[in-house]
Amino acid sequence: MTKLLEWLFGVSLVGAVWALVTFDLLDLSLPQTYREVAWPMPLYLLVSFGCYSLATVGYRVATFNDCDEAAKELQEQIKEAKEDLRKKGLKM
């Protein structure tokens, strides 16, 4: 099962449970407070997911490792490429 299918299955499962509780489709005789809490739940979940995503990206950016050796190697390859292009007649 791909990640997309896993996410779609999870979202559809949560959506089905939300619809059952919010619209009382199975006549479960749930108290009114349950429906009042369940009604804005998708918005709460969306905001929570956004906060989690923002925190994850911020943490990954803050702990990003510098690759000094790779940077030096890339600069050397750029110099080699420029020299090769100059030899072939390209003016920079």
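Residues numbered from 1 in each chain as written. Predicted model: local features only at pLDDT ≥ 70, side-chain atom pairs only at ≥ 80, totals over all residues. Heavy atoms only, no water.

**Observations concerning the UniProt feature "coiled-coil region" (unreviewed entry) in the protein**
The line we're drawing: UniProt positions are given in the numbering used here, feature names are shortened, and annotations may be inferred rather than shown by experiment. Strands are runs of DSSP state E lasting at least 2 residues, helices are runs of H or I lasting at least 4, and numbering of each runs from the N terminus.
Here the UniProt-annotated "coiled-coil region" (unreviewed entry) positions come out as residues 64-91. With 71% helix and 0% strand, the stretch residues 64-91 has end C-alpha atoms that lie 37 Å from each other.

**Topic: the UniProt feature "transmembrane region" (unreviewed entry) in the protein**
The UniProt feature table records "transmembrane region" (unreviewed entry) at residues 43-62. Overall, residues 43-62 shows 100% helix and 0% strand. The separation of its end C-alpha atoms is 28 Å.

**Quick word on the domain arrangement of the protein**
Rules: What counts as a domain boundary in this text is fixed by an automatic or database domain assignment.
In terms of domain boundaries, the protein breaks down into domain 1 (1-39) and domain 2 (42-92). On a C-alpha basis, the centroid separation for the pair domain 1 and domain 2 is 40 Å.

**What about unusual backbone geometry?**
Put simply, the rule is: Exposed residues in this analysis have more than 50% of their type's maximum accessible area, buried residues have under 20%, and partly exposed residues fall in between, with area computed by a 1.4 Å probe over protein chains only.
Positive phi is not limited to glycine here, since Asp 24 has a value of about 50°. Examined against the element boundaries, Asp 24 turns out to sit in the loop between helix H1 (3-23) and helix H2 (32-38). A relative accessible area of 17% means that Asp 24 is categorised as buried. For Asp 27, which is not glycine, the phi dihedral falls at a positive 50°.

**Notes on the pattern of salt bridges**
Applicable threshold: We count a salt bridge whenever a side-chain nitrogen from Lys or Arg sits within 4 Å of a carboxyl oxygen from Asp or Glu.
A full pass over the atoms with the stated rule returns 4 salt bridges. With a shortest N-O distance of 4.0 Å, Asp 24 and Arg 35 are connected by a salt bridge. Here Arg 35 lies in helix H2 and Asp 24 lies in the loop between H1 and H2, a separation of 11 residues in the sequence. Arg 35 sits in the partly exposed class, given a relative accessible area of 24%. The closest approach of N and O atoms between Glu 83 and Arg 86, which form a salt bridge, is 3.0 Å. Of this pair, Glu 83 and Arg 86 both sit in helix H4 (residues 68-87), 3 residues apart, which is roughly one turn of that helix.

**Considering the environment of Met 1**
Summarising the element assignment, Met 1 is placed in the segment before H1. Met 1 sits 80 residues away from Ala 81 along the chain, and the two C-alpha atoms are 44 Å apart.

**A short note on H1**
Let me state the cut-off plainly: Multiplying 1.5 Å by the helix residue count minus one yields the expected span of that helix.
The first and last C-alpha atoms of H1 sit 30 Å apart over 21 residues, in line with the 30 Å expected at 1.5 Å per residue. After H1 finishes, the residue Asp 24 shows a positive phi value of roughly 50°.

**Overview of the packing of aromatic side chains**
So the rule is basically this: Think of it this way: a Phe, Tyr or Trp ring, Trp meaning its six-membered ring, pairs with another when their centres are within 6.5 Å, and the plane angle makes it stacked under 30 degrees, edge-to-face over 60, tilted otherwise.
With the rule as written, the count across this model stands at 4 aromatic pairs. Ring centres 5.8 Å apart and planes at 80° place the aromatic pair Trp 18 and Phe 23 in the edge-to-face group. Residue Phe 23 is classed as partly exposed on the basis of its relative accessible area of 47%. Ring centres of Phe 23 and Trp 39 lie 6.0 Å apart, and the angle between their planes is 80°; this geometry places the pair in the edge-to-face category. Linking Phe 23 in helix H1 with Trp 39 in the loop between H2 and helix H3 (41-62), this pair joins segments that are 16 residues apart in sequence. Taken together through their ring pairs, the aromatic side chains of Trp 18, Phe 23 and Trp 39 make up a single cluster.

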